[in-house]
Amino acid sequence: EDKEVREQAKRLNEKLNSLFAMMEKMGPGAIEEGLDNFEDIFIANLRGIVSFLQMQVWEPQFTIDSLPESLKVREVGKKGLIQVRIFPKDDVWEREAQERFVKDLESVDPNVVGMPVMAYYDCQELRVSNEKAGMWALIAIWVLLFAHFRRVGTAILALLPKVLGIIWMVGLMGALGIDFNSANFLALPLILGIGLVFGIHILHRVSEEGDHQGIFGHSTGPSIALAAITTMIGFATMIWADHQGVASLGIVMTLGVGTNLISSAVFMPSFFAFLNKHFGYKVRLHK
C-alpha cells in the first residue's frame, strides 16, 4: 500500500531481471565450475568415510577383562574396586594449594589417599607435635631454672632473654618472608635449649659483680659471644643446602641463636641497670 515501497520493489525487480539476463549470456563459468569442484571434493570425502566404516570390525563390549594385565594389577583391586587417579592443576607442594586440593577430595570421599593427602596430614602432625614439644620443653626448662635459683622471679628473669629471642626470631622470619614448614618447625624445641645458658651466665655475673654494664669487660661477655657465633656459623652452613627444608632450618636456627645472643648480652644488662636505677632492684642469687 505504500507507494514508496512499491517503487523500491519495482526497481529491485528490474535489477534482478538485468542480472539474470547478464548471467544467461555468460553461460557456464566460474559458478558452475565452483559447484563442480565442490561436488568432486564432497564425493571424495564421502567415499573415504564410507571406506573407513567398511573397515571397522565388530568387537564385544569393552570390560575390565579387556584391560592389559599390567594395568589391571595397578588399578583394579582384589575385590574388583577400581582405582581412580586425580591429578591437581596447582602445585600441591605449596601449602594453600595442597590444603584446597585435599579438602576438595575429602568432600567427595573422606577415605581418599595419596601423596598430597599424606604430605598434608604429615605436615599438620609435625606442626602440632613440635608445638607440644616446644611447650613441654619450655615448662621443663622453667622447672629446672626454678630448682636452680629457688626463686620464681629469678627463674623468670633467666627465661626472659630466651622468650624475647624467640619473639624477635619470629619477627625477623616475617620480615624476611620465611614461613614455618615441616623441617624448620624443629627449630622451636631446639632453640629453647640452645643458648639458654647465656641468660644464666649473665645473671650469675651481674649477681657476683654488681656491674650491669661491664659484661664484656669480663670473660662472660666474650665467652657468650664466641659460643653464639660459632653455633651460628655451624647452622649457617645449612643455608646453602639444596634441600629447601634444611636450608630454611639453617636460616631459622641462625636467626634464633643471634637474637638470643642480643637479648642476653645486650638487652639483659641494660634491663638490670634500668631496674636498679628506677626501682632499686639488684640481682641476688644467694641469700
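The present account deals with the structure reproduced in this document. (Residues numbered from 1 in each chain as written. Predicted model: local features only at pLDDT ≥ 70, side-chain atom pairs only at ≥ 80, totals over all residues. Heavy atoms only, no water.)

Re the nonpolar core
In a soluble, globular protein the nonpolar side chains are often hidden away together inside.
Right, on to step 1. Ranked by size, the top nonpolar core spans 34 residues in total, and within it Leu145, Met169, Ile202 and Phe272 carry the most contacts.
Right, on to step 2. Mapped onto this core, the elements with two or more residues apiece are helix H5 (115-149), helix H6 (152-176), helix H7 (187-193), helix H8 (196-209), helix H9 (220-236) and helix H10 (244-279).
Right, on to step 3. Per-element accounting of this core gives the leading share, ten residues, to H10.
Right, on to step 4. The contacts of Leu145, once residues within four sequence positions are left out, are Arg150, Ala155, Ala158, Leu159 and Ile200.
Right, on to step 5. Of all hydrophobic cores here, the second largest spans six residues; its members include Phe101, Val102, Leu105 and Tyr120. (Core = buried A, V, L, I, M, F, W, Y, C linked by side-chain atoms within 4.5 Å. Buried < 20%, exposed > 50% of the residue type's maximum accessible area, 1.4 Å probe, protein only. Helix = DSSP H or I, 4+ residues; strand = E, 2+ residues; numbered from the N terminus. Contact = heavy atoms within 4.5 Å.)

Description of the layout of surface pockets
The probe, sized like a water molecule, is rolled over the atoms to show the empty space still left.
Right, on to step 1. Each pocket or cavity is described by its volume, and for the largest pocket that value is around 860 Å³.
Right, on to step 2. Surrounding the largest pocket, 24 residues form its lining, Trp93, Arg95, Phe180, Asn181 and Ser182 being those nearest its centre.
Right, on to step 3. For the lining of the largest pocket, the secondary-structure elements that each account for two or more residues are helix H4 (95-108), H5 and H10.
Right, on to step 4. With six residues, the single largest contributor to the lining of the largest pocket is H5.
Right, on to step 5. Taken together, the residues of the lining of the largest pocket sort by class into nine nonpolar, nine polar and six charged. (1 Å grid on protein atoms, 1.4 Å probe; cavity = no way out; pocket = protein on both sides within 12 Å on 5 of 7 lines; lining within 4 Å. Points joined across faces, edges and corners; volume = space filled by probe spheres on them. Nonpolar A, V, L, I, M, F, W, Y, C, P; charged D, E, K, R; others polar.)

A look at the environment of Thr259
Right, on to step 1. Looking at the element boundaries, Thr259 is found in helix H10.
Right, on to step 2. Between the alpha carbons of Thr259 and Leu164 there is a distance of 8.0 Å; along the sequence they are 95 residues apart.
Right, on to step 3. Setting aside chain neighbours within four positions, we find Thr259 in contact with Gly165, Trp168, Met169 and Leu172.
Right, on to step 4. There is a polar contact of 2.9 Å between the side chain of Thr259 and the backbone oxygen of Gly256. (Polar contact = N/O pair within 3.5 Å; in protein donor to acceptor, adjacent residues only side chain to side chain.)

Take it as geometry only, folks, not as evidence of what the structure does.
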